[in-house]
Amino acid sequence: MASKYHGPNNKTRRPISILIVIGLCCFFYLIGIWQKSGSGKGDKLALAVTEQTADCNVFPPSTLDFESHHNYVEMVETSEPTTKRFKSCETKYTDYTPCHEQDRAMTFPRENMIYRERHCPPDDEKLRCLILAPKGYTTPFPWPKSRDYAYYANVPYKHLTVEKAVQNWVQFQGNVFKFPGGGTMFPKGADAYIDELASVVPIGSGMIRTALDTGCGVASWGAYLLKRNILAMSFAPKDNHEAQVQFALERGVPAVIGVLGSIRLPYPSRAFDMSHCSRCLIPWASNEGMYMMEVDRVLRPGGYWILSGPPLNWKTYHRVWNRTKENCRAEQKRIEEYAELLCWEKKYEKGDVAIWRKNINGKSCRRTSANICQTMDNDNVWYKKMDACITPYPDVKNSDEVAGGELKKFPARLFAVPPRIANEMVPGVTVESYQEDNKLWKKHVTSYKRIVSLLGTTRYHNIMDMNAELGGFAAALDSPKLWVMNVVPTIAENTLGVVYERGLIGIYHDWCEGFSTYPRTYDLLHANRLFTLYQDKCEFEDILLEMDRVLRPEGLIILRDGVEVLNKVRKIAAGLRWETKLVDHEDGPLVPEKIFVAVKQYVVEGDEDQNTPNDE
């Protein structure tokens, strides 16, 4: 048995030993920090991209730099075949829109614009190659300059400068297009037109945050609403007026290719505070008012519908439209009758503009007869046939209550509890879990900004969240310098109504198909667990090729997912010419979820095929 007695020498040596051990620990700790600290270069990639906006010829050799606490994750090698290298597509596919191609569209009926709706190629006809930017492509002007100018080389179509020359849509000057803010129905400019609307609609009060622009043209209305803190979801078909939506997105305005046809719009019920048609040429009085009923479905109780153009002011313009007075008068009368059937109250009519307001609930509706939609799920709209039926208001207890729940003014509504959650209408989501989700995404976005220092600036203006869930990423990133298209996959929980109640915009989509946009329309793509969601639904390769199509050269990708899934993604991405990094979760290397960051290279038509960049 050891003695309990310790002599004087032991007392002396013990403090000295402790000091030596502490000293050695500190020494090795400092050595470790020095080895991992890097050179402190910061986000040189994003800075170089911004500085080279005017002359974007060669992708800078530097790559994303990460702060010392973001450790690189080594790629796990598998026995699978070596990385597949994707070839470049032919030049004719520069503006390829897989689900809106003209040749395929012309094989469908023209009745109710069916041929202008989504018609995606079958799996064996998908284009599996890289769509290159046109020669001379330049990173778009930063916002807000992009609202007024776009490089001709990026969207080389002069059709609208001729077709709409007298309407002040777009002008061609040197090597750029100029957008003077005009429109068919607002010759004095979009600002003056919006000011007229604001005399009736409480624009600027915070009560109007989300808007729908049907038949948007080049989206000048939405462009000028952005500075008033209103997000407009603009859409127009891909038709003879080439590249309307492409121009809109090039300008930095939210827009998708779309049409009011035979299929329901890809938005939830009660989504928009305001809906707008400026000479959009939609036959509102036809099909038993079906298109007005679809607008009513997506319009929030208390929301506004604005119509400018035919058939209004027909007494002045019927000869210009080559129509008789009787025909125009009858069309406007039918519109008025359908509006009354929908419980819309006319608030304004002057000249070419009329404004209706939807009742806040169904208590005051006096309908003699109406075809009420029988479906129990008015948000189940993906490829669902549009019917001439009226979506019923949610039940209320008294005549002063807003059906579906009253929203706070923006920006308070961004983090307020959405009515759909407060009323337990989203399975599995409680008030507490919603608030925890907000905290989590604030933490995630803070981590992203350490990796990409220019995130949150005008460098990344057009942003898409490919699996938006409750909109936490967009809410944490919210800034007048950017907007986020929140995509809720059709196979995920339906949370898009929550996204809109927060004052954000978004759309339903199935990522096994092409998105309704042109190539090169987004600066940044983000997705949380998207590939886990789709791993048994379709090929990762197809989703990544679609991401490459819609992303601008030198655009950024941020993915969060399990490490095994991201290793598969990373292997495919190597064949896409992306520069990639895989880093640890912000909570450390023991968390199985990782962060994948990639940058799409700048490659244009005519460039020689380049070697796949090193994947560190």
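In the block above lies the structure referred to throughout.
Residues numbered from 1 in each chain as written. Predicted model: local features only at pLDDT ≥ 70, side-chain atom pairs only at ≥ 80, totals over all residues. Heavy atoms only, no water.

**So, the overall build of the protein**
Step number 1: Tallying secondary structure elements over the protein gives 17 helices and 17 strands in all.
Step number 2: Across the protein, the fraction of contacts at a sequence separation of at least 24, relative to all contacts at a separation of at least 6, is 71%.
Step number 3: Here the protein has roughly 27,800 Å² of accessible surface; of this, 52% comes from carbon and sulfur atoms. (Helix = DSSP H or I, 4+ residues; strand = E, 2+ residues; numbered from the N terminus. Contact = heavy atoms within 4.5 Å. Areas by Shrake-Rupley, 256 points an atom, 1.4 Å probe, with all protein chains shown as cover.)

**Concerning helix 8 (residues 290-298)**
Step number 1: Of all nine residues making up helix 8, nine are buried, and the element is well covered by its neighbours.
Step number 2: Those residues of helix 8 that fall on the buried side of the exposure criterion are Met-290, Tyr-291, Met-292, Met-293, Glu-294, Val-295, Asp-296, Arg-297 and Val-298.
Step number 3: On its buried face, helix 8 sits against strand 4 (210-214), strand 7 (272-278), strand 8 (299-308), helix 10 (325-341), strand 9 (344-350) and strand 10 (353-358). (Buried < 20%, exposed > 50% of the residue type's maximum accessible area, 1.4 Å probe, protein only.)

**A short note on the sheet that holds strand 3 (residues 176-178)**
Step number 1: Strand order in the open sheet formed by three strands is 1-3-2, and the pairing between neighbours is antiparallel. Looking at which strands have only one partner, the edges of the open sheet turn out to be strand 1 (149-151) and strand 2 (171-173). Direction aside, the axes of adjacent strands within the sheet are offset by 30° on average.
Step number 2: Two elements, strand 1 and strand 3, share three bridges in a ladder whose sense is antiparallel. Residue pairing in the sheet places Tyr-151 in a bridge with Val-176 of strand 3. (Pairing = 2+ DSSP bridges. Axes fitted to C-alpha atoms, helices over the stretch in contact; angles between N-to-C directions.)

**Focus: the packing of aromatic side chains**
Step number 1: The final tally for this structure, using the stated rule, is 21 aromatic pairs.
Step number 2: Ring geometry for Trp-441 and Phe-473: centres 6.2 Å apart, planes at 75°, overall edge-to-face. With a gap of 32 residues between them, Trp-441 in helix 12 (residues 431-451) and Phe-473 in helix 13 (residues 472-477) connect regions that are remote in the sequence.
Step number 3: Residue Trp-441 is classed as buried on the basis of its relative accessible area of 5%.
Step number 4: For Phe-473, a relative accessible area of 1% corresponds to the buried category.
Step number 5: Every member of this aromatic cluster is reached through a ring pair, and the members are Tyr-152, Phe-172, Phe-177, Phe-179 and Phe-247.
Step number 6: The ring of Tyr-224 has Arg-147 lying over it, and the distance from NZ or CZ to the ring centre is 4.0 Å.
Step number 7: For the cation-ring pair, Lys-358 lies above Tyr-393, with the distance from its terminal atom to the ring centre recorded as 5.3 Å. (Phe/Tyr/Trp six-rings, centres within 6.5 Å; stacked < 30°, edge-to-face > 60°. Lys NZ or Arg CZ within 6 Å of the ring centre and 35° of its normal.)

**A closer look at the environment of Pro-122**
Step number 1: Turning to its location among the elements, Pro-122 is positioned in the loop between helix 3 (102-105) and strand 1.
Step number 2: Residues Pro-122 and Glu-513, 391 residues apart in the sequence, show an inter-C-alpha distance of 9.3 Å.

**A closer look at the nonpolar core**
Step number 1: Counting residues in hydrophobic clusters, the biggest one holds 137 residues, and the most contacted among them are Trp-221, Tyr-267, Trp-284, Met-485, Phe-531, Met-547 and Phe-596.
Step number 2: In contact with Trp-221, other than residues within four places in its own chain, are Phe-186, Tyr-193, Ile-194, Leu-197, Ala-211, Leu-212, Asp-213, Ala-232, Met-274 and His-276.
Step number 3: In terms of nonpolar packing, the next biggest core, distinct from the first, is built from nine residues, Val-155, Trp-169, Val-170 and Ala-243 among them. (Core = buried A, V, L, I, M, F, W, Y, C linked by side-chain atoms within 4.5 Å.)

**Topic: the pairing of strand 9**
Step number 1: Taken together, the six bridges between strand 9 and strand 10 define a ladder with antiparallel strand orientation. Note on strand 10: the bridge partner recorded for Trp-344 is Lys-358.
Step number 2: Linking strand 9 back to strand 10 in an antiparallel pair, the connection comprises two residues, with Gly-351 at a positive phi of about 60°.

**As for the state of the cysteines**
Step number 1: A full pass over the atoms with the stated rule returns six disulfides.
Step number 2: Across a sulfur-sulfur distance of 2.0 Å, Cys-89 and Cys-129 are joined as a disulfide pair. Residues Cys-89 and Cys-129 are joined by a disulfide whose S-S torsion is about 105°; by sign, that bridge is right-handed. Taken together, the residues Cys-89 in the loop between helix 2 (44-51) and helix 3 and Cys-129 in the loop between helix 3 and strand 1 connect sequence positions 40 residues apart.
Step number 3: Note on Cys-89: relative accessible area 11%, which makes it buried.
Step number 4: For Cys-129, a relative accessible area of 16% gives the class buried.
Step number 5: Here Cys-99 pairs with Cys-120 through a disulfide, and the sulfurs are 2.0 Å apart. Sign of the S-S torsion, about 110° for the bond between Cys-99 and Cys-120, identifies this disulfide as right-handed. Taken together, the residues span a long stretch of sequence, with Cys-99 in the loop between helix 2 and helix 3 and Cys-120 in the loop between helix 3 and strand 1 at a distance of 21 residues.
Step number 6: On the basis of relative accessible area, Cys-99 is assigned to the buried category, the value being 1%.
Step number 7: Relative accessible area serves as the criterion here: at 21%, Cys-120 is assigned to the partly exposed category.
Step number 8: Disulfides within the protein link the bonded cysteines, taken in sequence order, as 1-4, 2-3, 5-6, 7-8, 9-10, 11-12. (Disulfide = S-S within 2.5 Å.)

**Focus on the environment of Leu-342**
Step number 1: With respect to the secondary-structure elements, Leu-342 resides in the loop between helix 10 and strand 9.
Step number 2: Along the primary structure Leu-342 and Ile-390 are separated by 48 residues, whereas in three dimensions their C-alpha atoms are 7.2 Å apart.
Step number 3: Not counting residues within four places of it along the chain, the set of residues in contact with Leu-342 comprises Met-292, Met-293, Asp-296, Arg-367, Ile-390 and Tyr-393.

**Section: the side chain of Thr-517**
Step number 1: When you line up the elements, Thr-517 lands in the loop between strand 13 (505-509) and strand 14 (522-528).
Step number 2: Note on Thr-517: relative accessible area 0%, which makes it buried.
Step number 3: Polar side-chain contacts of Thr-517 include one of 3.0 Å to the side chain of Thr-521. (Polar contact = N/O pair within 3.5 Å; in protein donor to acceptor, adjacent residues only side chain to side chain.)

**Some points on helix 12**
Step number 1: Given a rise of 1.5 Å per residue, 21 residues ought to cover 30 Å, and the 31 Å separating the end C-alpha atoms of helix 12 matches this to within 8%.
Step number 2: Along helix 12, the residues that are buried comprise Tyr-434, Asp-437, Asn-438, Trp-441, His-444, Val-445, Ser-447, Tyr-448 and Ile-451.
Step number 3: Where helix 12 is buried, its residues touch helix 11 (419-422), helix 13, strand 14, strand 15 (551-562), strand 16 (578-584) and strand 17 (593-600). (Expected span 1.5 Å × (residues − 1).)

**Some details on the side chain of Asn-154**
Step number 1: Relative to the helices and strands, Asn-154 is located in the loop between strand 1 and helix 4 (159-163).
Step number 2: Not counting residues within four places of it along the chain, the set of residues in contact with Asn-154 comprises Pro-134, Gly-136, Tyr-137, Thr-138, Pro-140, Gln-246, Glu-250 and Arg-520.

**Here we look at the environment of Ala-243**
Step number 1: Looking at the element boundaries, Ala-243 is found in the loop between strand 5 (231-236) and helix 7 (244-250).
Step number 2: Measuring from C-alpha to C-alpha, the distance between Ala-243 and Tyr-157 comes to 7.5 Å, with 86 residues separating the pair along the chain.
Step number 3: Excluding anything up to four places from it in sequence, Ala-243 contacts Val-155, Tyr-157 and Tyr-518.

Take it as geometry only, folks, not as evidence of what the structure does.
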